[in-house]
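Coordinate inspection notes
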Amino acid sequence: MFSIAFSTPVLAWNRATHMVTGAIAYQEMKASSPATVARIVVLLRQHPEYKQRWASKLNDASLSEDDRDQYLFMLAARWPDDIRGNVYDHPTWHYINYVYAPQQGIARTDTMLATGENILEAFEQNKQIVRSNVPDSTKAIALCWLFHLSGDVHQPLHATALIDNQFPAGDRGGNLFKIKVMMSSQTINLHSFWDGMLLGDDDFQAARNLAVLARQTVRREQLPQLGKTDIGSWSKESFQLAQDNAYRSNTLAAGTDQEGAILPPDYVATVKPIAQRQMVLAGYRLADELTADFTN
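This section reports on the structure supplied with the text. (Residues numbered from 1 in each chain as written. Predicted model: local features only at pLDDT ≥ 70, side-chain atom pairs only at ≥ 80, totals over all residues. Heavy atoms only, no water.)

This next bit is on helix H2 (residues 34-44). Taken residue by residue, H2 has Thr 36, Val 37, Ile 40, Val 41, Leu 43 and Leu 44 as its buried positions. Taken end-on, H2 shows its buried residues confined to a sector of 160 degrees, consistent with a single buried face. Where H2 is buried, its residues meet helix H1 (15-32), helix H3 (50-58), helix H4 (65-82), helix H6 (136-152) and helix H10 (267-295). (Buried < 20%, exposed > 50% of the residue type's maximum accessible area, 1.4 Å probe, protein only. Helix = DSSP H or I, 4+ residues; strand = E, 2+ residues; numbered from the N terminus. Arc of directions from axis to C-beta. Contact = heavy atoms within 4.5 Å.)

Laid out in structure tokens, this is it:
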């Protein structure tokens with residue numbers, strides 16, 4: 001019924017938010033499974049791009065040993081966005097386009113736009129690599145993808161393609177959906193707005209501090225959905241959040257490339273706590289996934 005030409009979205013969450021998710025997972029596991037943290041640190045140091053991309057950052061004399069390990073988790077979480085366009089890149093791994101066609105009364109997770117290997121398939125592939133007997137350098141790459149995709153799948157617009165009269169081939173997870181935060185703001189797309197609403201500064205201190213605050217604000221006992229441990233369930237949660245909150249049950253207006261539609265006055269205040277909860281949930285689930293991977 002639906003088809004779309006191959007297209008690459010912009011990043012899911014920004015790099016800073018991925019770093020926070022990595023930091024949350026680190027802080028959780030440092031308390032509950034320190035041996036697993038140590039094993040993951042050893043593996044990540046075998047990453048083929050460790051010296052090229054990470055060594056200089058981690059050699060900062062102001063960082064403690066614990067800081068370095070936590071920073072390594074954070075850099076691993078953002079790595080798949082840092083390598084866009086190189087040999088390790090897999091553009092279609094970052095998302096899945098479940099069909100949201102409200103004008104036709106369709107919102108289905110058994111129907112999706114074809115884009116190549118999607119986030120569900122990629123996550124399972126890399127989980128199996130981590131659990132296998134491949135060389136440590138190969139496991140390090142797979143770990144980075146598990147870190148990153150755990151974050152991506154919790155960004156609601158990375159599980160959704162809005163199809164309507166304005167976007168008959170899909171809005172590419174909000175990438176074509178033009179908005180303005182206020183009248184005086186510049187036109188951006190809805191996907192970019194969701195990516196960057198939590199943190200813009202991608203340095204170690206800012207990401208670590210937000211991770212600490214986020215864990216204090218959204219605690220495990222507040223998240224009964226942690227009982228769902230498969231990425232398919234996570235993606236369906238995000239799809240529902242996109243419908244109900246990102247697109248406001250198809251009441252949010254899209255503008256044009258020249259002039260984005262102004263967001264409702266209460267939009268930011270309403271969706272920011274949802275985005276924060278998703279970021280924390282991703283961190284907790286990543287910690288649980290990694291603990292299970294190395295326990296098994």
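Core analysis: the biggest nonpolar cluster contains 85 residues, and Trp 54, Phe 147, Leu 190, Trp 194 and Tyr 267 have the highest contact counts within it. With 11 residues, H10 is the single largest residue contributor to this core. Contacts of Leu 190, omitting those with residues within four sequence positions, involve Leu 157, Gly 174, Phe 177, Ile 179, Ala 246, Tyr 247, Leu 252 and Tyr 267. Core analysis: the second largest hydrophobic core is formed by six residues, Val 99, Ala 101, Ile 106 and Leu 113 among them. (Core = buried A, V, L, I, M, F, W, Y, C linked by side-chain atoms within 4.5 Å.)

Following the criterion strictly, the structure yields 12 aromatic pairs and no others. Each ring, one from Tyr 50 and one from Trp 54, has its centre 6.3 Å from the other, and the planes form 85 degrees; the classification is edge-to-face. Highlighted residues: Tyr 50 and Trp 54, both in helix H3, separated by four residues, approximately one helical turn. No difference in accessibility class separates Tyr 50 from Trp 54, as the two residues are buried. Plain terms: the ring middles of Trp 93 and Trp 145 are 4.8 Å apart, the flat faces sit at 75 degrees to each other, and that makes the pair edge-to-face. With Trp 93 in the loop between H4 and strand S1 (98-101) and Trp 145 in helix H6, this residue pair connects regions lying 52 residues apart in the sequence. Take Trp 93 and Trp 145: they sit in the same class, and that class is buried. Residue placement shows Arg 220 over the ring face of Tyr 284; its charged tip is 4.9 Å from the ring centre. (Phe/Tyr/Trp six-rings, centres within 6.5 Å; stacked < 30°, edge-to-face > 60°. Lys NZ or Arg CZ within 6 Å of the ring centre and 35° of its normal.)

Strand order in the open sheet formed by three strands is S2-S1-S3, with mixed pairing between adjacent strands. Looking at which strands have only one partner, the edges of the open sheet turn out to be strand S2 (106-112) and strand S3 (160-162). With strand direction ignored, the average angle separating the axes of adjacent strands in the sheet is 25 degrees. Relative to S3, S1 runs parallel, the two sharing three bridges. Among the inter-strand pairings, Tyr 100 is bridged to a residue of S3, identified as Leu 162. (Pairing = 2+ DSSP bridges. Axes fitted to C-alpha atoms, helices over the stretch in contact; angles between N-to-C directions.)

Next up on the list: the pattern of salt bridges. Overall, the coordinates contain 20 salt bridges when judged by the stated rule. Across the pair Glu 124 and Lys 127 runs a salt bridge whose closest N-O atoms are separated by 3.5 Å. Taken as a pair, Glu 124 and Lys 127 lie in helix H5 (residues 119-130) at a separation of three residues, close to a single helical turn. Among the ionic pairs, Arg 131 bridges to Asp 293, the shortest N-O distance being 2.7 Å. Taken together, the residues span a long stretch of sequence, with Arg 131 in the loop between H5 and H6 and Asp 293 in helix H10 at a distance of 162 residues. By relative accessible area, Arg 131 is classed as partly exposed at 35%. On the basis of relative accessible area, Asp 293 is assigned to the buried category, the value being 4%. Look at the salt bridges and you will find they share partners, linking Arg 15, Arg 78, Asp 82 and Asp 202 into a network. (Salt bridge = Lys/Arg side-chain N within 4 Å of Asp/Glu carboxyl O.)

Any two packed helices are characterised by how steeply their axes cross, that is the angle between the axes, and by the distance between the axes. Two elements in contact, H3 and H4, have axes whose closest approach is 11 Å; the angle formed by their N-to-C orientations is 140 degrees. For the pair H3 and H4, the sense of crossing is right-handed. For the pair H3 and H4, the contacting residues are Tyr 50, Arg 53, Trp 54, Lys 57 and Leu 58 in the first and Arg 68, Tyr 71, Leu 72, Leu 75, Ala 76, Trp 79 and Asp 82 in the second. Residue composition of the contact of H3 with H4, by class: eight nonpolar, no polar and four charged. (Left-handed = near helix turned anticlockwise from the far one by under 90°. Nonpolar A, V, L, I, M, F, W, Y, C, P; charged D, E, K, R; others polar.)

The next subject is unusual backbone geometry. We note that Arg 248 has phi near 50 degrees; this positive angle belongs to a residue other than glycine. Considering the arrangement of structural elements, one finds Arg 248 in the loop between helix H9 (231-246) and strand S6 (261-262).

Here the focus is the side chain of Glu 28. In this fold, Glu 28 is placed in helix H1. The exposure class assigned to Glu 28 is buried, which follows from its relative accessible area of 12%.

Next up on the list: the packing of H5 against H9. It is the contact of H5 with H9, at a shortest axis distance of 10 Å, that shows an interaxial angle of 150 degrees. By the criterion of interaxial angle, the relationship of H5 to H9 is roughly antiparallel. For the element pair H5 and H9, the recorded crossing hand is right-handed. When H5 is examined against H9, the residues Ile 119, Leu 120, Phe 123 and Glu 124 are found in contact with a partner set consisting of Ile 231, Gly 232, Trp 234 and Ser 235. Taken together, the residues that form the contact of H5 with H9 break down as five nonpolar, two polar and one charged. (Parallel < 35°, antiparallel > 145°, perpendicular 65-115°, else oblique.)

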